[in-house]
Amino acid sequence: MNLRALNCVALVALSSSASAQTIATFADVAGKWSGISSLGLKMELEIATNGQFRINVPGGKDVGWSQLVGGVLIVPFSDKQGQYEFKWNGSVLEGQAYWRTIETSVRLTKKAR
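Residues numbered from 1 in each chain as written. Predicted model: local features only at pLDDT ≥ 70, side-chain atom pairs only at ≥ 80, totals over all residues. Heavy atoms only, no water.

(A) A look at the pairing of strand E3 (residues 52-57). Alignment of strand E2 (residues 42-47) against E3, held across four bridges, turns out to be antiparallel. By the bridge assignment for E3, Glu44 is matched with Asn56. Hairpin remark: E2 followed by E3, antiparallel, with four residues in the connecting loop; positive phi at Gly51, about 100°. Taken together, the six bridges between E3 and strand E4 (residues 60-65) define a ladder with antiparallel strand orientation. (Pairing = 2+ DSSP bridges. Helix = DSSP H or I, 4+ residues; strand = E, 2+ residues; numbered from the N terminus.)

(B) Region of interest: the side chain of Asp62. Tracing the chain through its elements places Asp62 in strand E4. Ignoring anything within four residues of it in the chain, the contact list for Asp62 reads Phe53, Arg54, Ile55, Pro76, Phe77 and Ser78. (Contact = heavy atoms within 4.5 Å.)

(C) Layout of the environment of Ala27. Structurally, Ala27 is set in the loop between helix H1 (3-19) and strand E1 (31-37). Sequence separation of Ala27 and Asn50 is 23 residues, and the distance between their C-alpha atoms is 7.7 Å.

(D) Molecular detail of a nonpolar patch on the surface. A cluster of nonpolar side chains, contributed by Leu39, Leu41, Trp99 and Ile102, occupies part of the molecular surface with about 360 Å² of accessible area. As for its position among the elements, Ile102 is in strand E9 (residues 102-110). (Patch = residues over 30% accessible without salt bridge, like charges linked within 9 Å, V, L, I, M, F, W, Y side chains within 5 Å. Areas by Shrake-Rupley, 256 points an atom, 1.4 Å probe, with all protein chains shown as cover. Salt bridge = Lys/Arg side-chain N within 4 Å of Asp/Glu carboxyl O.)

(E) Spotlight on the pattern of salt bridges. Applying the stated criterion across every chain yields a total of two salt bridges. Between Glu44 and Lys111 there is a salt bridge, with its nearest N and O atoms 3.2 Å apart. You can see Glu44 sitting in strand E2 and its partner Lys111 sitting in the segment after E9, a full 67 residues away along the chain. In this structure Glu44 comes out as partly exposed when scored by relative accessible area, which is 36%. A salt bridge links Arg107 to Glu94, with the nearest nitrogen and oxygen atoms 3.3 Å apart. Remark: Glu94 occurs in strand E8 (residues 92-99) and Arg107 occurs in strand E9; sequence separation between them is 13 residues. Among the residues examined, Glu94 registers a relative accessible area of 32% and is labelled partly exposed. (Buried < 20%, exposed > 50% of the residue type's maximum accessible area, 1.4 Å probe, protein only.)

Printed below as a string of structure tokens:
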């Protein structure tokens, strides 16, 4: 990879990380979110101010307790086989879903109240 390509990669990495905000409390991201994964799966996520979540995906529904770790929202699967990890970008939650051997990116936008 040449120097120009390395600079482009560094700029993309910096711009994506600079736009993400630290999630200090669940109140920062409380509400209803909806979106799609890179696998084309639609999903809806609801986060309460106490960290409780409700999620709807094509495979079913799940409820539980999310966590904040280093400013990242962690939403575990109830089967203990994986989790979602989201960073906050104002009206967008962006992150990854890890389930068993599957990894996909997820982008959710906040729904109007």
